[in-house]
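Below are the chains, spelled out letter by letter.
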Amino acid sequence: MSTSILAWLIAAAALLLLLSASVRIVNEYERGVIFRLGRVIAAKGPGLFFIIPIVDRMVRVSLRTVTMDIPPQDVITKDNVTVKVNAVTYFNVTDPVRSVIAIEDHIVGTSQIAQTTLRSILGQVDLDELLIKRDEINQRLQQIIDEVTDPWGVKVTLVEVKDVELPESMRRAMARQAESERDRRAKVIHAIGEFEAAANLGRAAEVLEAHPAAMQLRVLSTMAEVASERNSTLIFPLPIELLRLVDTLTARADGANPRPAATTQPAHHT
C-alpha cells in the first residue's frame, strides 16, 4: 500500500471522526445549550445541527413537565397541632439557558424550595383551614414557589397537597366533635318537627270544632285502621254528643246549686 493511499485513509477517518463529533441531534422536547470556550452561544434544537468539536460543548435540557413528589413534612400549624403533610408539584423549563447557568440543578433546587415553602405556609394556617381551604393553600404555594424559581427559567404550574396525616388523639377528638354536631342537629330537627306538629294539630282541632261531623268521620277512620291490624283490641265507640250532653247537664247542675259562700264569725275578745 502506497503512502498516498494510507494518507488518504487516515484523512478520511479523521474527517469521519470530526463529523461524528460535530453532529448533534436533540428531540422535540429537548434543547441543546451550546457553550463555546465556556461562554453561552444559544439554545439550539430540536432536530439536527452542528457544533465545533473541542471548542463547543452541549448541555441537554428537557422541556417536558416534571411531576415531583414533595416528601412528607412534619408541620406545626398555627393552632399548635403537629401534622404530617405531603404534596406534589408540577413544573417545566421555559428558558433552557437560564436553567443551566442560573442554578446547578434546577430539579433539586425546585424540590428544596417546595419543601421549605410547604412548611412555611402551612405553619401560618389553622388546622381547620388546612382541611377546608385546600384550594386556597395550593394557590398560595404555587405562587410563592413560582416566584422563586422564575429566575431559574422554571415555571411551576401546579402544587397540590395530597395527604394530611393527623395524630390519633386529634382524630378521636374530631370524631367526637362530629358526633356531637350530628346530635345537636338531630335535636333541633326534632324540636322543629314537634313545633310544626303542634301547630298543625291546633289547626286540625279548630276545624273539628267547627265541623262536628268531621270528628265522627275521624273516629270511624281510626276504628277501621285498628280493625285491619288483626289484634285483640276492643273498641267501644262513644258518641261525642253524649259527652257534650253530660257537659251541659253538669254545667246546669253547678248553676242551680251554687256553692254557699263562706261566712266568718266576728271574734269576741274577753
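Model, not experiment: these values are computed from the prediction.

Reading the values: the criteria
- Residues numbered from 1 in each chain as written.
- Predicted model: local features only at pLDDT ≥ 70, side-chain atom pairs only at ≥ 80, totals over all residues.
- Heavy atoms only, no water.
- pLDDT = per-residue confidence, 0-100.
- Contact = heavy atoms within 4.5 Å.
- Helix = DSSP H or I, 4+ residues; strand = E, 2+ residues; numbered from the N terminus.
- Buried < 20%, exposed > 50% of the residue type's maximum accessible area, 1.4 Å probe, protein only.
- Polar contact = N/O pair within 3.5 Å; in protein donor to acceptor, adjacent residues only side chain to side chain.
- Pairing = 2+ DSSP bridges.
- Axes fitted to C-alpha atoms, helices over the stretch in contact; angles between N-to-C directions.

Right, let's get into the confidence of the model for the protein chain. Interpretation of this model should avoid reading the predicted coordinates in detail wherever pLDDT is low. Confidence along the protein chain averages 83 in pLDDT terms, with 88% of residues attaining 70 or more. This stretch, residues 261-270, has a pLDDT under 50; its non-local contacts, to residues over four places away or in other chains, come to zero contacts.

With that out of the way, let us pick up the side chain of Thr117. Within the secondary structure, Thr117 sits in helix 3 (residues 106-122). With relative accessibility at 7%, the residue Thr117 sits in the buried group. Only 2.7 Å separates the side chain of Thr117 from the backbone oxygen of Ile113, close enough to count as a polar contact. Setting aside chain neighbours within four positions, we find Thr117 in contact with Leu141, Ile144 and Ile145.

With that settled, consider the sheet that holds strand 8 (residues 154-165). In space, the three strands of this open sheet follow the order 6-7-8, with antiparallel pairing throughout. Since the sheet does not close on itself, it has two edges, and those belong to strand 6 (66-76) and strand 8, each with one partner. For this sheet, the mean inter-axis angle between neighbouring strands, taken without regard to orientation, is 25°. Direction of pairing for strand 6 relative to strand 7 (residues 82-93): antiparallel, over a ladder of nine bridges. Along strand 7, the bridge assignment pairs Ile76 with Thr82.

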